[in-house]
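Commentary on secondary and tertiary structure
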Amino acid sequence: MKIEFYKETEFKDTEIGRIPKDWEVVKLGDEKVSTLVKSGSTPLKKIEEYWNGEIPFVTQKDMTKVDHYLYDTSEKITELGLRSSNLLLIPENSILLSMYGTIGKIVINKIPVSISQNIAAIRLNKKNVDEEYLYYALQIYSFQFKRQAKTITLKHLDIKIVKNTLIPLPPLPEQQKIAEILSTVDEAIQKTNEVIAKTERLKRGLMQELLTKGIGHKEFKDTEIGRIPKDWEVVKLSDVAQIRGIKKLSELDKVAFIPMELIPDVEIFVKYEIRDVKDVKSYTYCEAGDLLLSKITPCFENGKQGIVPLNVPNGFALATTEVFPIVCRGIDKLFLFYILKLSKFRKILEFSMRGTTGRQRVPKNSVERLRIPLPPSSEQQKIAEILSTVDKKLELERNEKVKLERIKQGLMDLLLTGKVRIKLKET
């Protein structure tokens, strides 16, 4: 069979928007869509005979751990536990939907499961509905969950809302082709995720090795920061770098501004936006090449830090007041960037945080007194070069993932609303 795409011209208005004239709008609880829509329950925890059996038991926690398919659960129950709570065994390739917490999270179970009261299971009428199609369709039409969710302490759905949720229903062959196209993009995203995860593991290993053992050293010495190569020094950060002071601005209309959201947690350089000077009420002055280290919780714990790029207009920027702008005098700034990313040094600063809960900050003198290793200049540059090469690879892969996710969203908007249709032709 050959697939052809064409632009649909004949639509009808429905409760969930415009869809092609020959598509139907159906409820999840309709017989045409499902043979069962049901939530579960939890066997009594205090009765040991109900637990640690062989029947997978799906909880909210299991739902948040997976993106598309569920192959295992963290808890299992026994046959006795299943019967005691009038639980049903949900067959594989059903749709599971979370009704509490992250409401509307959808997965397909690839094994028979029992479910908790926070999950709804939709057992499909396979004559009319493809589970992969429904998985994608529910993501596009999930606005209904947000609109109808109830709030009693916590936002949630109930089984009636789930049953009354509307979806468009194209002919089954078209559903299957839509799902096939979207699954292909999902597979590409998954492969990119695997490359990113593998590269991140490589980077963590390299950082640990290079920033504590250096390159090609055979002799080591014990110091207050642990074993380091014999010809490395231990210095206070203030011996090789300073935290930049306040500077008044000359008259300008526009200025580069760096809010906290543009300070990265995984990349090297910060981004900036151009603002009217009159709109910047408070700021930290920084210059091109400065290393900005976030100081407030949870930004610091999340690893937010970055270097001000050399192309910043006028050679300087104004940043959020919640950063320390560090000027490197006797240390390579990229080498210091990676030192401050290393868990052993970051933890020292984290333990020094002061302030009320939720507003804790790293004190300036903790940063200045932080003891760090100082290899010879040429070795600092070599280490920084190796690690930044890995970071460039990660940046390329993350950009590729963003591109694929945009493609997927675009395809979902076109195919699941019928703006672009799929025609199957015999070859």
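Conventions and cut-offs
Residues numbered from 1 in each chain as written. Predicted model: local features only at pLDDT ≥ 70, side-chain atom pairs only at ≥ 80, totals over all residues. Heavy atoms only, no water. 1 Å grid on protein atoms, 1.4 Å probe; cavity = no way out; pocket = protein on both sides within 12 Å on 5 of 7 lines; lining within 4 Å. Points joined across faces, edges and corners; volume = space filled by probe spheres on them. Helix = DSSP H or I, 4+ residues; strand = E, 2+ residues; numbered from the N terminus. Nonpolar A, V, L, I, M, F, W, Y, C, P; charged D, E, K, R; others polar. Phe/Tyr/Trp six-rings, centres within 6.5 Å; stacked < 30°, edge-to-face > 60°. Buried < 20%, exposed > 50% of the residue type's maximum accessible area, 1.4 Å probe, protein only. Salt bridge = Lys/Arg side-chain N within 4 Å of Asp/Glu carboxyl O. Contact = heavy atoms within 4.5 Å. Pairing = 2+ DSSP bridges. Polar contact = N/O pair within 3.5 Å; in protein donor to acceptor, adjacent residues only side chain to side chain.

**Comments concerning the layout of surface pockets**
In this structure, the largest pocket spans a volume of roughly 700 Å³. Of all the secondary structure elements, the ones that give two or more residues to the lining of the largest pocket are α3 (131–140), α6 (172–213) and α11 (377–415). By residue number, the principal contributor to the lining of the largest pocket is α6, which donates six residues. Residue composition of the lining of the largest pocket, by class: eight nonpolar, eight polar and eight charged. Surrounding the second largest pocket, 15 residues form its lining, K203, R204, M207, D265 and K341 being those nearest its centre. For the lining of the second largest pocket, the element with the highest residue contribution is α6, accounting for five residues. The residue inventory of the lining of the second largest pocket, partitioned by class, reads four nonpolar, four polar and seven charged.

**Quick notes on the packing of aromatic side chains**
Applying the stated criterion across every chain yields a total of six aromatic pairs. Here the aromatic rings of W51 and F57 are separated by 5.5 Å at their centres, their planes lie at 90 degrees, and the arrangement is edge-to-face. Of the residues examined, W51 reaches a relative accessible area of 10% and is grouped as buried. Among the residues examined, F57 registers a relative accessible area of 1% and is labelled buried.

**A word on the pattern of salt bridges**
For the structure shown, the criterion picks out 27 salt bridges. Here K254 ties to D276 by a salt bridge, and the two come within 2.5 Å at their closest N and O atoms. One end of the pair, K254, is in strand β20 (residues 254–258); the other, D276, is in strand β21 (residues 273–276), with 22 residues separating them in the sequence. Among the residues examined, D276 registers a relative accessible area of 22% and is labelled partly exposed. Ionic contacts of the salt-bridge type, sharing partners, join the residues E8, D22, E174 and R421 into one network.

**Quick notes on the environment of L387**
Among the secondary structure elements, L387 is positioned in helix α11. A relative accessible area of 0% places L387 in the buried class. The spatial distance from the C-alpha of L387 to the C-alpha of N52 is 45 Å, given a sequence separation of 335 residues. Residues contacting L387, with those up to four places away along its chain left out, are K203, L206, M207, L210, L211 and Y338.

**Side note on the sheet that holds strand β11 (residues 114–115)**
The strand order β8-β6-β11 describes an open sheet built from three strands, whose pairing is mixed. The sheet terminates laterally at β8 (75–77) and β11, the two strands that pair on one side only.

**Some details on the side chain of D186**
Take D186: it is sitting in helix α6. The exposure class assigned to D186 is buried, which follows from its relative accessible area of 16%. Non-local contacts of D186, meaning those with residues more than four positions away in its chain, are made with H68, Y135, Y136 and K408.

**A short note on α3**
Burial of α3 is extensive: nine of the ten residues sit out of reach of the surface. Every buried residue belonging to α3 is among E131, E132, Y133, L134, Y135, Y136, A137, L138 and I140, and all of these are buried. At the N-terminal boundary of α3, the capping side chain belongs to D130, with an oxygen 3.0 Å from the backbone nitrogen of E132.

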